[in-house]
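Summary of the model geometry
Listed below, chain by chain, are the residues.
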Amino acid sequence: MKKKHLLCILVGMLLLMACQNEEVYTPKPRGYCRMDIQDTGFVCLDNKYPYSFEYSQYAYIDPYPYRNTDSTKYWINIVYPNLNAVMYISYKQFNNKELLNSMISDARTLVFKQTQKADDIIESNITDEESHVFGKLYQAVGQEVPCPYQLWLSDRKQHFFRLSLYFNCPPNNDSLAPAIDYLAKDIFHLIETFDWK
């Protein structure tokens, strides 16, 4: 009888050990941080700049770190800490049409450097005769486009303003789509409230 009990216990232990699965550990796919997208209120840019516009209350103005020359005196960054994004803004004054054409050409060249990654680049004209604001908004569409929006504005007489939107992470625009859409609305609002001083 003891041998039967011992044999049953042994068979039971073997069955339990055979049913035990070893866990297989596989690396998890790379994830992205959760983004807090909030309804935006707007604040007006400080009036020490030769341009004005409204920007999101959830962003802050960071003066351009290399503001040691007159040519970069009015450059700023609009930082969105919750979205890990920055709008880089540069500003130049000019006194002849050739210089304006050169700056527009440079801005266009920077946009179309993305054609290798972009599926499409959509151009929109901006014209506000009353405020003397003219320019172009470029939207680069594609999975790995590093700069989804770029913009230049001018009064065609002496002011030239340029904006570029970048995220501080590798471009994966499917995952960043909610943030890109949110920031596009902020860019549209910036254009609508833009004025020269």
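Here, every reference points to the structure presented above.
This text gives an overview of the structure that appears in the document. (Residues numbered from 1 in each chain as written. Predicted model: local features only at pLDDT ≥ 70, side-chain atom pairs only at ≥ 80, totals over all residues. Heavy atoms only, no water.)

This paragraph deals with the overall build of the protein. Helix and strand counts for the protein come out as three helices and 11 strands. Each helix and strand of the protein, ordered N terminal to C terminal, gives the series α-β-β-β-β-β-β-α-β-β-β-β-α-β. Here the protein holds 197 residues, and 38% of them are scored as buried. In the structure as shown, the protein presents an accessible area of about 12800 Å², 53% of it carried by carbon and sulfur atoms. (Helix = DSSP H or I, 4+ residues; strand = E, 2+ residues; numbered from the N terminus. Buried < 20%, exposed > 50% of the residue type's maximum accessible area, 1.4 Å probe, protein only. Areas by Shrake-Rupley, 256 points an atom, 1.4 Å probe, with all protein chains shown as cover.)

Summarising the sheet, strand β7 (residues 120-128) and strand β8 (residues 133-141) pair through nine bridges and their orientation is antiparallel. The partner of Ile122 across the bridge, within β8, is Gln139. Following β7, the chain reverses through four residues before pairing antiparallel with β8; His132 in that reversal takes a positive phi of roughly 60°. (Pairing = 2+ DSSP bridges.)

A few words on the pairing of strand β5 (residues 76-80). Of all five residues that make up β5, five are buried, and the element is covered over most of its length. On β5, burial covers both faces: Ile76, Ile78 and Tyr80 on one face and Asn77 and Val79 on the other are all buried. As judged from the five bridges shared by β5 and strand β6 (residues 85-93), these two strands associate in the antiparallel manner. Bridging across to β6, Ile78 finds its partner in Met87. Count of turn residues in the β5/β6 antiparallel hairpin: four residues, of which Asn84 carries a positive phi of about 60°.

Helix length check: helix α3 (residues 177-193) (17 residues) gives 24 Å between terminal C-alpha atoms against 24 Å at 1.5 Å per residue, within 8%. Listed in full, the buried residues belonging to α3 are Ala179, Ile180, Tyr182, Leu183, Ala184, Asp186, Ile187, His189, Leu190 and Ile191. (Expected span 1.5 Å × (residues − 1).)

Locating Ala107 in the fold gives a position in helix α2 (residues 97-112). By relative accessible area, Ala107 is classed as buried at 4%. Linking Ala107 and Arg162, residues 55 residues apart in sequence, is a C-alpha distance of 7.7 Å. Discounting chain neighbours no more than four positions away, the residues touching Ala107 are Gln150, Trp152, Phe160 and Arg162. (Contact = heavy atoms within 4.5 Å.)

It is worth spelling out the nonpolar core at this point. In terms of nonpolar packing, the biggest core is built from 36 residues, with Tyr51, Phe53 and Phe161 touching the most fellow members. When residues of this core are traced back to their parent elements, those giving at least two are β5, β6, β8, β9 (149-154), β10 (159-167) and α3. Broken down by element, the residue count for this core peaks at eight residues, all from α3. Residues contacting Phe53, with those up to four places away along its chain left out, are Val43, Cys44, Leu45, Ile76, Ile78, Ile89, Phe161, Leu190, Thr193 and Phe194. Phe94, Ala118, Ile121 and Phe160 belong to the second-largest nonpolar core, a separate cluster that totals 12 residues. (Core = buried A, V, L, I, M, F, W, Y, C linked by side-chain atoms within 4.5 Å.)

Residues other than glycine seldom take positive phi values, yet Asn84 does so here, at roughly 60°. With respect to the secondary-structure elements, Asn84 resides in the loop between β5 and β6. A positive phi angle, near 60°, is found at His132, a position not held by glycine. If you trace the backbone, His132 turns up in the loop between β7 and β8. A relative accessible area of 39% places His132 in the partly exposed class.

On to the side chain of Gln114. Along the chain, Gln114 turns up in the loop between α2 and β7. Within the structure, the side chain of Gln114 is placed 2.9 Å from the backbone nitrogen of Cys147, a separation counted as a polar contact. Once residues lying within four places of it in the same chain are set aside, the contact partners of Gln114 are Ala140, Val145, Pro146, Cys147 and Gln150. (Polar contact = N/O pair within 3.5 Å; in protein donor to acceptor, adjacent residues only side chain to side chain.)

With that settled, the discussion passes to the packing of aromatic side chains. Scanning all chains against the criterion turns up 16 aromatic pairs. Taking the centre distance of 6.3 Å and the plane angle of 10° together, the rings of Phe53 and Phe194 count as stacked. Linking Phe53 in the loop between β2 (51-52) and β3 (54-56) with Phe194 in the loop between α3 and β11 (195-196), this pair joins segments that are 141 residues apart in sequence. When its relative accessible area of 2% is taken as the criterion, Phe194 is described as buried. Feature note: the residues Tyr49, Tyr51, Phe53, Tyr55, Tyr74, Tyr91, Phe161, Phe194 and Trp196 constitute an aromatic cluster, connected by ring pairs. For Arg156, the ring lying beneath its charged end belongs to Phe134, and the centroid distance is 3.8 Å. (Phe/Tyr/Trp six-rings, centres within 6.5 Å; stacked < 30°, edge-to-face > 60°. Lys NZ or Arg CZ within 6 Å of the ring centre and 35° of its normal.)

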